[in-house]
Amino acid sequence: MRVARVNVIGLATFTAAYPQYSTTRALDDRRARDYPLLDSLGHVYLDYTAGNLVPLSLVDRHTALLRDHLLGNPHSTNPASALATTFVEQARLSVLDFFNADPDEYVVAFTANATQALKLVGEAYPFDAGGEYLLTFDNHNSVNGIREFARAKGCLTTYVPIVLPDMRVDEAELAAHLERGKLGGARLFAYPAQSNFSGVQHPLDWIPLAQERGWDVLLDAAAFTPTNRLDLGRWRPDFVSQSFYKMFGYPTGVGCLIARKAALARLRRPWFAGGTITVASVQGDRFYLAEGASAFEDGTPNYLALPAVAFGLEYLSQIGIDTIHTRVRCLTGWLIERLTGLRHSSGEALARVYGPRSDVRRGGTVTFNFYDPAGRAIDHRDVEERANAAGISLRTGCFCNPGGGEIALGITGTELSSCFHQPEHETHLTIDDFRLCIDGKSTGAVRVSLGLASNLADVEAFVAFAATFVK
Ligand SMILES: Cc1ncc(COP(=O)(O)O)c(C=O)c1O
């Protein structure tokens, strides 16, 4: 068993720099009770942006519910079905309640994950030649992919760049883009509340700014909500995408689209399916979509998992999302400070962080590459291999966020288009071909991310691991 230790001097410096950390001590008990494997295995889990860990108490509570109730497919009225429906509807209300969303204004459609929520919007949004799909560079591919729906309807797609070193948007440039909303047409603006590449938290006050100029706003909250409060009573995006395993680790396979009723009514579903209609006819060749969220829940919902969503949200509320936020903020600030303090004997910094180097307006996702004393990037795949061997779970690559990667790694549009336009790359491109194309530049980075079960020992264990690259 490996045990990560924090030396006394380090602890005193940390405590002095981040006194609020002491208010989050309840999370240490929670870690011991709900995530005992972390310490019994001596595992350093640093991939919370990919997925939270499973809390044992949540599994126990869910298992007890499944053991004590007969639950049937909710698309019926028999008692087993009716009971399942009750739990599904409770889960729906819990989501609205957790995000302080007014049930008169918002609805929740359950999906398999955030990606499916995004696809629901993309495929049904009334894009047309007079409209526009506007999005920031640092979106997850599941948001980028919506451009293909826009393109298929002849609609313009525009990317708003992010700027190094902090990887934030130039707000004057964004404001200029948003002015086009006044031209009319169906216009959708999509951005991540928190980038899963850089950890940047983009301002939520872009939501009213865009809406007042005629845009619908799609807020991808998947990387934000596990450690930050999203108050839909204050901020009123038209659509919000969410995966629950990122928030509380269990269950997988459930996410949701939270949508303003008025915005949902503007969507045009491209098909109908079981569960989404009031009436469909074969001979009459017609279908009538159900009202509201039901029209967006294709097929049987994950009715056995959904009660655990209500429990998971309760779990987060009991701990307090603000407590989680405080802990992650303190640990992130300390991690960045420690990591950027590592230097080779030549004085060169070991790590180049892509994104903000403070704990302000950022989340617990920290992305970087290591460099040798001659300034050459150390291949992220080697870092991952050594981390794996050291019992550290981190992530490398571009994290399904190619725009973030391209900006961070200095890969230009010209390089990319000359690569993609080579005849042999017309239909096929392997990652090795891609590496050759961009002439030895890094194709990826290393990402560590913190979450509700993280502690100081995790950060120190990672810094000790990073120090093994110092020459
Ligand atoms: C910001 C962001 N959006 C969307 C997604 C997609 O989530 P899922 O794979 O659960 O659909 C992710 C996953 O990492 C993400 O980080």
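Now for a quick tour of the structure. Numbers given to residues run from 1 along each chain, matching the order in which its sequence is written. For a predicted model such as this one, the threshold for reporting local features is a pLDDT of at least 70, and the threshold for listing and counting side-chain atom pairs is 80 or more; totals across whole chains, interfaces and linings nevertheless cover every residue. Only hydrogens and water are removed before side-chain values are computed, so all heavy atoms of the structure are retained for them.

1. Comments concerning helix H17 (residues 413-420)
Buried residues are those whose accessible area, probed at 1.4 Å on protein chains only, stays under 20% of the maximum for their type, while exposed residues exceed 50% and partly exposed ones sit between those limits. Only runs of H or I of at least four residues qualify as helices and only runs of E of at least two qualify as strands under DSSP, and these elements are numbered from the N terminus. Those residues of H17 lying buried are Glu415, Leu416 and Cys419. Down the axis of H17, the sector holding all buried residues measures 95°, keeping them to one side. For H17, exposure combined with an orientation more than 90 degrees from the buried face picks out Gly413 and Thr414. Between two residues, a contact is recorded if the distance between any of their heavy atoms is within 4.5 Å. Looking at the buried positions of H17, the neighbouring elements they touch are helix H16 (402-409) and helix H18 (431-437). The arc in question is traced by the directions running from the helix axis to the C-beta atoms.

2. Details of the sheet that holds strand E16 (residues 395-397)
In space, the 4 strands of this open sheet follow the order E13-E14-E17-E16, with antiparallel pairing throughout. Looking at which strands have only one partner, the edges of the open sheet turn out to be strand E13 (351-353) and E16. For this sheet the average axis-to-axis angle between neighbouring strands, irrespective of direction, equals 35°. Strand pairing follows a simple DSSP-based rule, namely that at least 2 bridges must link the two strands. Across 3 bridges, E16 lies against strand E17 (residues 445-449) in antiparallel orientation. In the strand pairing of E17, Arg395 is matched with Arg447. All axes here are fitted lines through C-alpha atoms, helices being fitted over the stretch that makes contact, and every angle between N-to-C directions spans 0 to 180 degrees.

3. A short note on the site of the ligand
The near set for a molecule or strand comprises every residue that places at least one heavy atom within 4 Å of it. If you check the shell around the ligand, you find Asn113, Ala114, Thr115, His140, Asn196, Asp220, Ala222, Ala223, Ser243, Tyr245 and Lys246 and nothing else. Pairs of N or O atoms within 3.5 Å make up the polar contacts considered here, provided that, within protein, one atom can donate a hydrogen while the other can accept it, and that residues adjacent in sequence are counted only when both atoms are side-chain atoms. Ala114 is positioned such that a nitrogen or oxygen atom in its backbone is 3.4 Å from an oxygen atom of the ligand. Secondary structure elements with two or more residues in the shell around the ligand: helix H6 (114-124) and helix H11 (244-248). The classification used treats Ala, Val, Leu, Ile, Met, Phe, Trp, Tyr, Cys and Pro as nonpolar, Asp, Glu, Lys and Arg as charged, and all other residues, Gly among them, as polar. Among the residues making up the shell around the ligand, the classes are represented as 4 nonpolar, 5 polar and 2 charged.

4. Focus: the nonpolar core
Buried Ala, Val, Leu, Ile, Met, Phe, Trp, Tyr and Cys residues form a nonpolar core when they are joined through side-chain atoms within 4.5 Å. The biggest cluster of nonpolar side chains holds 113 residues, and the ones touching the most others in it are Val95, Phe110, Phe189, Phe370 and Phe462. For this core, the leading source of residues is helix H14 (residues 321-340), giving 9 residues. Residues in contact with Phe110, not counting those within four places in the same chain, are Val88, Ala91, Arg92, Val95, Phe244, Val254, Gly255, Cys256, Glu297 and Leu306. Counting residues in hydrophobic clusters, the runner-up holds 28 residues, among them Ala117, Leu120, Ile146 and Ala263.

5. Notes on the state of the cysteines
For this text, the term disulfide refers to a pair of cysteine sulfurs within 2.5 Å. The full count for this structure, using the stated rule, is 0 disulfides. With no disulfide of its own, Cys398 has Cys400 as its nearest cysteine by sulfur position, at a separation of 9.4 Å.

6. Quick look at the side chain of Glu297
Note on placement: Glu297 falls in the loop between strand E12 (287-289) and helix H13 (306-319). In terms of polar contacts, Glu297 uses its side chain to reach the backbone amide nitrogen of Phe110, at 2.6 Å.

7. A few points about the sheet that holds strand E10 (residues 255-260)
Within the open sheet, the 7 strands sit side by side as E2-E10-E9-E8-E7-E3-E4. Their pairing is mixed. Of all strands in the sheet, those bounded by a partner on one side alone are strand E2 (106-111) and strand E4 (156-160). For this sheet the average axis-to-axis angle between neighbouring strands, irrespective of direction, equals 20°. Of the strand pairs in this sheet, strand E3 (residues 132-136) and strand E7 (residues 187-192) are connected by 4 bridges, and their pairing is parallel. What sits directly across from Tyr133, in E7, is Leu188.

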